[in-house]
Structure formats: structure tokens, C-alpha cells
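In case you want the letters, here they are:
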Amino acid sequence: MTIKTTITQTFKPKPPKGDISFGKNFTDHMFIMEYNSGWHSPEIKPYAPFLIDPAAMVLHYGQALFEGLKAYKTDDGRVLLFRPRDNFLRLNSSCDRLCIPQVDVDFALTALLELIKLEQDWIPTDELTSLYIRPFIIATETALGVHPSHSYKFMIILSPVGSYYPGGLSAVPIYVEDDYVRSVRGQAGYTKASANYALSLKAQVKAKEKGYIQVLWLDGVHQKYIDEVGAMNIFFKINGKIITPALESAILPGITRDSVIQIAKKWGYEVEERLVEIDEIYKAHADGTLEEVFGTGTAAVISPVGELYWEGRTITINDSKIGAFSKRIYDELTGIQYGKIADSFGWTVEV
Ligand code: PLP
């Protein structure tokens, strides 16, 4: 398929340096292709709103999914993507779960590279800034009645984003949710179904009202085992070992999570992927072996956790300071992403 490209007549002003809030500014162009018995009509065109029929199925039954990754500008002006193929593979896994036709990964990657090439002046260059990439798919068939849609739109939009930590890496307090659940075995927790995020809002609002930045989800059956954070996977350093919940159907297989595991193993750490009880974490804290807790995800890369609240009990981790391992892995990953550290894993793709 050839991608038709139409260049905008009116280029937008770039957001002011040092003031780029997450997801508020969008670039001049977007990618779009349609599905009707096959994906067709791929186009890069000026970023603009589009018409949608009030009966479009996505508006009623939520058949939609998304992905999230970033493009980084290096000091010598090159543009790097971090493991983009993995994002499109995960997009296809979400497609499968939601009865949405999969996309051709090589074609999606080609389309993304073309779009980024066109928009590369939008990639901010201040330290630790980047261009956030949001691919997504929505069901567009105009019909009521619950069934898989017969038509879809696949789109990619881009948004310049500032450093996640303008004041430097800082530790966050997290609320362990003991009432609502995010997913259960057999549901779609392992995907980036938009509905997963809609259903997480209630607990997120509750946590914010109590002064916590994020929710830590427990498993949906026993509310005993740790799953993940709102938009991050979670890691613990206990007695020198790196421990993270094993992937099962309720947990999103984070690309940052996998990268942390591979780097930690390369550094010689013992890494355990297994069931982790919340009680085990509180016990490790009590006996002094809980050294660090941190979340991993595209947005923050590494987010140290300074405090956990669970069923009326608060624990403070590492004095609410950044642990040495969290800092080291953050420096390593951002170093690879911004082309400052040699990428021995072959993760970066140059645009
Ligand atoms: N878990 C959830 C629920 C997420 O939304 C995300 C972000 O995409 C992650 C984990 C981290 O995934 P990744 O490292 O691929 O960004």
C-alpha cells in the first residue's frame, strides 16, 4: 500500500520551551487508514477533527484500543524510537482480544517512520523531553447491537512532551486498592483496551482524593497478589533481588518492564517473575529487607515509590528517596533512549 501524503497549509506554532504538559499539544499531521474487509487508504494528512456518526459502534460499546511510545532526539540531531515493533505487536494482541482486525506490523512501522520524519521538528530538544506517539483504533460501523464492528479507523497522532520529572526524579505515594479491581483472569488486562482505562477511573479518583498519585492494583480474585500500577508495571528490590509480578492475563506486558528485566539480568542481578503477595511486601518492610519499590512505563520510564498505603497501614520506602538501583536503571534506560549509551540490545530504531 502506498501512503498518500497531504501537507498542511497552516503550520501550527510549537509550544513554548519548558512548558509542555503531557498530551495537550498535537503536531501538524496525523496518519489514518480505514478498514472495510481489509485495511486500505493509508494517508498522512493535516491533523484535524473528523466526523463520526452518532451510531458509530465505538461510541456505544467501547470497541477501541491504543498504544503509547516515544521518539527521542539525540544530542547530534538523530531521531530514535525505542522498541517500536514491540508496541505494534502488542497492538495486535489487543486487536485479537477485542475482535479488531490486526494490522501489518511492518507497514504500521513504515507509516510511523514516515510520519515522524515529516514531524521531526516537533521533537523537543530540552533534556529528557520527547515526542509521544499515540497509535489507536476505533470501531466505526454505524450500527446498534453488540457485535464486532465491520469497519475501523487506525490512526497515529503525535504530541511533544516535557520531562516527566521537571525537578528531577522523585518518589511518589501509591494507594493499594482493596475494593475495586482492574482485571481478572480471562478478561483483557493484558491489552491496552481503552475500556480498561475507563474502568480504572473510579479508583484513581478515590486515590487522588486521599492524596495518592496512583493506584496499585491487586488481583481480581483474592485481592492478595500484586498486579500492576495504573499505567505502570511494578518492581520490588528485596534483599538484593529484583522481584516483579509474573505476567498473566490481568497484567499489561510492559515494554519498559521487559527492558528492566533484561538490563538487571545483564548486570548480574537475580530477577524473579512470580506471584507477589502484598503481605510479603509489608513483611519485607517490617524486617528491613524491602530496599526499593519502583514503577516502569513509557511515560516516566522509572517511577520510584516512596510510600504505600494498604488497608489503613502506610509504609515509607527508602525514606521516600530514590534508591540506587532505581536511579541506575533510569540512567541506563534514558541513556539508551537518547543515544548517549551504546544500545547493546538492539532496541533503538533510527528514523
Ligand atoms: N501497565 C499499564 C496498565 C499501562 O497502561 C502501561 C503503559 O503503557 C504500562 C503498564 C507500562 O507499559 P510500557 O512499559 O510498555 O509503557
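For clarity, every value in this text was computed on a predicted model and none was experimentally measured.

J.: Looking at this structure, how should I read the domain arrangement of the chain?
T.: How big an interface is tends to be stated in terms of accessible area lost as the parts join. With domains assigned, the chain is organised as domain 1 (4–162) and domain 2 (172–337). One C-alpha centre belongs to domain 1, the other to domain 2, and the line joining them spans 27 Å. Domain 1 puts 19 residues into the contact, and the matching count from domain 2 is 23 residues. Summing both partners gives a buried area of about 1,800 Å² for domain 1 against domain 2, and 59% of it is carried by carbon and sulfur. Put simply, domain 1 and domain 2 have one salt bridge between them. Taken together, the links from domain 1 to domain 2 amount to eleven residue pairs in polar contact (both at pLDDT 80 or more). Mapped by element, the contributors of at least two residues to the side of domain 1 that touches domain 2 are β4 (64–66), β5 (69–73), β6 (79–82) and α2 (84–97). Element by element, the count of residues in the side of domain 1 that touches domain 2 is highest for α2, at six residues. Looking at the side of domain 1 that touches domain 2 residue by residue, the class counts come to nine nonpolar, four polar and six charged.

J.: What exactly am I supposed to notice about unusual backbone geometry here?
T.: As a rule of thumb, non-glycine residues mostly have phi less than zero, and peptide bonds are mostly trans rather than cis. The phi angle at R83 is positive, at roughly 50°, despite the residue not being glycine. Tracing the sequence through the fold places R83 in the loop between β6 and α2. Since its relative accessible area comes to 10%, R83 is described here as buried. Positive phi, normally seen in glycine, also occurs at V301, with a value near 65°. By the element assignment, V301 lies in strand β16 (residues 301–310).

J.: What is the right way to look at the environment of G77 in this model?
T.: Here G77 shows up in the loop between β5 and β6. On the basis of relative accessible area, G77 is assigned to the partly exposed category, the value being 44%. For G77 and T125, which are 48 residues apart along the polypeptide, the C-alpha to C-alpha distance reads 8.8 Å.

J.: When you look at the packing of aromatic side chains in this model, what are you seeing that I'm missing?
T.: What characterises a pair of aromatic rings is the spacing of the ring centres plus the angle enclosed by the ring planes. All told, the structure shown has 19 aromatic pairs when counted by the stated rule. Plain terms: the ring middles of Y35 and Y152 are 5.9 Å apart, the flat faces sit at 65° to each other, and that makes the pair edge-to-face. Placement of Y35 in strand β2 (residues 29–36) and of Y152 in strand β8 (residues 151–161) is noted, with a sequence separation of 117 residues between them. Of the residues examined, Y152 reaches a relative accessible area of 1% and is grouped as buried. Taking the centre distance of 4.0 Å and the plane angle of 5° together, the rings of F345 and W347 count as stacked. For W347, a relative accessible area of 6% gives the class buried. Here K14 stacks its cationic end above the ring of W122, 4.6 Å away from the centre of that ring.

J.: Explain the environment of G346 to me, please; I cannot follow it from the model alone.
T.: Position of G346 among the secondary structure elements: in the loop between α8 (324–337) and β18 (348–350). Relative accessible area serves as the criterion here: at 58%, G346 is assigned to the exposed category. Separated by ten residues in sequence, G346 and I336 place their C-alpha atoms 9.8 Å apart.

J.: In this structure, what is going on with helix α7 (residues 278–286)? I would like to understand it.
T.: One full turn of an α-helix is made of 3.6 residues, so residues set three or four places apart face in the same direction. Of all the residues in α7, the buried ones are I278, I281, Y282 and A284. Down the axis, α7 shows its buried residues gathered within 160° of arc, on one side only. In α7, the exposed residues that point more than 90 degrees away from the buried face are K283 and A286. G288 sits one or two positions beyond α7 and adopts a positive phi of about 80°.

J.: Teacher, can you tell me more about the site of the ligand here?
T.: Taken together, 16 residues surround the ligand, and among them K192, Y197, E228, T256 and T298 come closest. A distance of 2.8 Å is found between an oxygen atom of the ligand and a side-chain nitrogen or oxygen belonging to R90. The contact in question runs from an oxygen atom of the ligand to an N or O atom on the side chain of T298, over 2.6 Å. Burial of the ligand by the protein amounts to 96% of the accessible area it has alone, namely 390 Å². Judged by its atoms lying within 2 Å of the grid points, the ligand is housed in the largest pocket. Breaking the shell around the ligand down by element, the ones donating at least two residues are α6 (255–266) and β15 (290–297). Within the shell around the ligand, the residues separate by chemical class into five nonpolar, seven polar and four charged.

J.: What is the right way to look at the layout of surface pockets in this model?
T.: Rolled over the atoms, a probe as big as a water molecule pinpoints where empty space is left. Put simply, the largest pocket is a space of about 840 Å³. The wall of the largest pocket is formed by 33 residues, among which Y197, G230, A231, M232 and A299 lie closest to the centre. Where the lining of the largest pocket is concerned, the elements lending two or more residues are β7 (130–139), α5 (201–209), β10 (214–218), β11 (226–229), α6 and β15. Here the residues of the lining of the largest pocket sort into 16 nonpolar, eleven polar and six charged.

Calculation notes
Residues numbered from 1 in each chain as written. Predicted model: local features only at pLDDT ≥ 70, side-chain atom pairs only at ≥ 80, totals over all residues. Heavy atoms only, no water. Domains from an automatic or database assignment. Contact = heavy atoms within 4.5 Å. Buried area = accessible area lost by both parts, 1.4 Å probe. Salt bridge = Lys/Arg side-chain N within 4 Å of Asp/Glu carboxyl O. Polar contact = N/O pair within 3.5 Å; in protein donor to acceptor, adjacent residues only side chain to side chain. Helix = DSSP H or I, 4+ residues; strand = E, 2+ residues; numbered from the N terminus. Nonpolar A, V, L, I, M, F, W, Y, C, P; charged D, E, K, R; others polar. Buried < 20%, exposed > 50% of the residue type's maximum accessible area, 1.4 Å probe, protein only. Phe/Tyr/Trp six-rings, centres within 6.5 Å; stacked < 30°, edge-to-face > 60°. Lys NZ or Arg CZ within 6 Å of the ring centre and 35° of its normal. Arc of directions from axis to C-beta. Near = heavy atom within 4 Å. Areas by Shrake-Rupley, 256 points an atom, 1.4 Å probe, with all protein chains shown as cover. 1 Å grid on protein atoms, 1.4 Å probe; cavity = no way out; pocket = protein on both sides within 12 Å on 5 of 7 lines; lining within 4 Å. Sits in = over half its atoms within 2 Å of the grid points. Points joined across faces, edges and corners; volume = space filled by probe spheres on them.

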